[in-house]
Amino acid sequence: MLSGMVSAEKRYRKLLKILPKRFRQEAQRELLEVFRAEYAASRNAGGNALPSLIRSLRLWTRLLLDLLLTAVAVQSQMLLERLGARSRPSSSTWRQSTAMSRIFQDFRYALRALGRTPAFTAVAILTLALGIGANAAVFSVVHELFFKTPAHLHEPERLVRIVRTQRGEVRTSLSYPDFAHYRDHCEAFESLTGFDSSGLALTVGFGDEFFPAQGMMVSREYFQVLGARPQAGRWFLPEEGQTPGTHPVAVISHSLFQRLLGGRPEALPASLTLNGHPFTAVGAAPAGFAGASPLEPPPDLWVPLMMQPLLAPAGGDWTLQRVPHHSWNWLNVIGRLKDGVTAQAAQANLDAMAAYLAENYPDWNEEMGARLFESYRYIPGTHDSIVSLSRLMAAAVGLLLLIACVNIAVLLLARSSARTRDVGIRLALGAGRWRVLRLSLTESLLLALGGGLLGVLIADLASGLTRTLLPYPIPSFSGPGLTVLGASMALAAATALAAGLAPALQTSRLDPFSTLRGQQGLDSRGRLRQGLVVAQVALSLVLVCSAVLLARSLYAARSVDLGFESADRLLLQVNLRFHGYSPQQGRAFVDQVLERLNRHPAVKAATATVMVPFRGVWTEDVVPQDPRRQESPGNSGKLSADPMAPGTNAVAYRYFETMGIAVRGRSFTARDTPESPAVVIVNEAFAKHVWPDAEALGQSLYYERNEPPATVVGVARNARYYSLQGETQHQVYWPLSQRYQPSFSLLLHTGPLSAQLVQDLRRRVLEVDPSLALQQVSTLQEVVDNETAQYRTSAAAVTLFAVLALTLAAVGLYGVESYLVSQRRREIGVRMALGAGRGRIQRAVLFSAARQTALGLLLGLPAAILAALYLRTHLFGPPAHDFLTWLGVPLLLLAVALLAASLPAHRASRINPLTTLRAD
């Protein structure tokens, strides 16, 4: 052993060279004494139970940390000397308890103390890191969504969003004529801008290269209202946004600027083609510019709204003009308030302009208005959903952090109780109570440092997970920034100090003489520990109950009978209106593409549909034939029933086969052409409502356009198209050939999907028209999953935090019971010597844990009920007073508590009474 210490001391002397030469001799003696003491303690503590490698790692880790802290202290003294704060320290003055040296001594002592209890240190740091990491992850996403200013926006506090209202209800988008009136007559705004955030599928041609891209149509004021400056070139000129189709110009994104022009400003303006039409790129947006909302994916290029007739001709004249009986509300509107104008004054200005439109254009603006929202980032519906989810996750991680704080307090109390005699000796030797308190708080700060650093790493990983849990993508999110990291470290320090304050105060108030005599006065400390465990259980009950309710809600949402099959269904979205197809050409395209796809060996069935479930609503007024009134004298051929507005869809043949929807009667076939008699298929809900006492097959439906009636040739099984909740909606299906729409989705029932199969199917479609831009490729299962995304987000996030809370509560209970067993060894030994059996001892420990758990459940129940009432808006299916939840969760917590206490109970039952009494 002596030779081993000599060789280890030689290595340690080499490490001392990191100290400045002038102080190396002064510090060397003390540091070598520390080394010898640590080396002896390591050999005695490890014995033969630990491998030599582990003993060496523990020893050198403690020595290196101690040496680094000493080096920092010495360097600080040198800095103070240079600043004239003190003279060069001698060997005696170096050891004096100056303020700076005492602080570093406290840190060295706390570091060595934590190193001697690695299990406690690891559990405390990990507990703190989980709480800090979860909070930092959620805060980083919330910061991105609500507080971080989108790139290149100028004075965003003056930006507002303007939405359309109808009969007092928010309808979000505006028509172009209404937007133009608000823009040209606004007095409270510097200007307004309108843009179509739904996207514009484009095929870009540059030289010999053709590739798909995503565009956005914006008004001429778009970039100026947001306050962005071009990276190169210019923005749109006023005259480029006045006359439809006369100025084919575009602004390209930074990435497209780099790809096509190599980032060379002199290359602008540049010629390119969009969907076969010649355009001129006049400017490039700066890197990172993505508009006003972090949820809007940045497009590849922007074009003026006036290019709509050229790039989206099938929209018709009514997209930019007022056409009788037509109105297209398609523009999101953002405005910049004039300097000094309040939101109330701007709303009054909007109300006056809306009243003018309602009076002068009643056919288009009856009972319509405009409302101002100061949250410019999102439309109201999206804003409310994000706020609700953010509050839910913030509340969950806040509870988790509180539970972690209580857990650390429990661990520190148990640790301070085990060190009571050591503290008593210090107090008896003259250490002040402030010094003892400071030592305890220093340990808490070191735990905060370790927990904060580890929490930041966890946050960096968890923030990506949190972002994926949200039902909305955040394209601009890049992880926690400096603001989040700084807040995380401050939160870690505050949490650790709050958790360590009670143990530190308890320790500093000890009576040294009573402590040394063994009368430690631990009753109040034990009650405090047990009270903290009760608080942990109560807080855990709130979180676990919420998680179970949300998980059952998600299960209920996913268990809804949709009425169709979603597995192995691929969607390829096509929009022929951007490519100038006539209706006849569009029908021929659909027939040709479906013929090619149905011949593919991996395709079981292929069809086309205008409406995809849960993606928008299409309704048309119909009047069902009333046989009783029509057969009455003088009423033949007249419509007498009230009009209805059922959900409408136009589908190609094989649609019901592809979707797995059973049809009574017949499905559509290739013989249902524009020249053949009009036919429709209705769902069971519509048939039962309209013809409750008659057969629906053969009945007629009349449209208010004075078109010939359509004959009902089939009754389809009910399917949910618009919502998972409520009654099944009425639905009418038309043949796509008879109710042609240029925008539709190709729907394919295939085998297991793969990237190669998707590319092969895309290639088959593009072989019909190579210039076609397939806007979106997804699966029907993804569409269904998006509908349950809100419930999935809530359930996944809160369940994860609830599991962590349950684990922390179990750790806290285990720590308390283990400490109580260790403190009551003599009492247990006496009871066993007097005849108490092992089973009785185990039951006593388990009863103590059960009692604390039951008290925590009782105290946490009112808070859990309030949390359940708050969650009502997030629940699908089970009510907030769900019986299984309120019965199962307390039983689960009780089982976890008993499991956590079982190991201390087992150890208590194995105590040898003779050994215990002899040692005492």
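Anything mentioned here points back to the structure above.
Residues numbered from 1 in each chain as written. Predicted model: local features only at pLDDT ≥ 70, side-chain atom pairs only at ≥ 80, totals over all residues. Heavy atoms only, no water.

Now for helix α10 (residues 343-360). For α10, with 18 residues, the first-to-last C-alpha span of 26 Å sits near the 26 Å given by 1.5 Å per residue. Here α10 has its buried residues at Ala-343, Ala-346, Gln-347, Asn-349, Leu-350, Met-353, Ala-354 and Leu-357. Taken end-on, α10 shows its buried residues confined to a sector of 160°, consistent with a single buried face. Within α10, the exposed residues directed more than 90 degrees away from the buried face are Gln-344 and Glu-359. Against the buried residues of α10 lie β1 (159-166), α6 (176-185), β4 (189-206), β11 (329-337), α11 (362-365) and β12 (368-373). (Helix = DSSP H or I, 4+ residues; strand = E, 2+ residues; numbered from the N terminus. Expected span 1.5 Å × (residues − 1). Buried < 20%, exposed > 50% of the residue type's maximum accessible area, 1.4 Å probe, protein only. Arc of directions from axis to C-beta. Contact = heavy atoms within 4.5 Å.)

Turning to the pairing of strand β2 (residues 169-172), a few remarks are in order. In this structure, β1 lies alongside β2, joined through three bridges in antiparallel fashion. What sits directly across from Arg-164, in β2, is Thr-172. (Pairing = 2+ DSSP bridges.)

Two side chains that carry opposite charge are able to pair once their charged atoms sit near each other. Applying the stated criterion across every chain, the model contains 19 salt bridges. Note that Arg-158 is salt-bridged to Glu-155, the shortest N-O span being 2.4 Å. Between Arg-259 and Glu-209 there is a salt bridge, with the nearest N and O atoms lying 2.7 Å from each other. Taken together, the residues Arg-259 in helix α8 (residues 254-261) and Glu-209 in strand β5 (residues 209-218) connect sequence positions 50 residues apart. (Salt bridge = Lys/Arg side-chain N within 4 Å of Asp/Glu carboxyl O.)

So, on to the packing of helix α18 (residues 583-598) against helix α22 (residues 755-768). At their nearest, the axes of α18 and α22 sit 9 Å apart, and the two run at 145° to each other. Viewed along their axes, α18 and α22 form a crossing whose handedness is right-handed. Across the interface between the two elements, Phe-589, Gln-592, Val-593, Arg-596 and Leu-597 from α18 touch Leu-761, Arg-764, Val-765, Glu-767 and Val-768 from α22. (Axes fitted to C-alpha atoms, helices over the stretch in contact; angles between N-to-C directions. Left-handed = near helix turned anticlockwise from the far one by under 90°.)

Moving on, we come to α18. Taking 1.5 Å per residue, 16 residues should reach 22 Å; α18 reaches 22 Å between its end C-alpha atoms and fits that length. Those residues of α18 not exposed but buried are Gly-586, Phe-589, Val-590, Val-593, Leu-594 and Leu-597. The arc enclosing the buried residues of α18, seen along the axis, measures out at 120°, which places them on a common side. Contacts made by the buried residues of α18 are with β13 (569-575), β14 (603-609), β22 (743-750) and α22.

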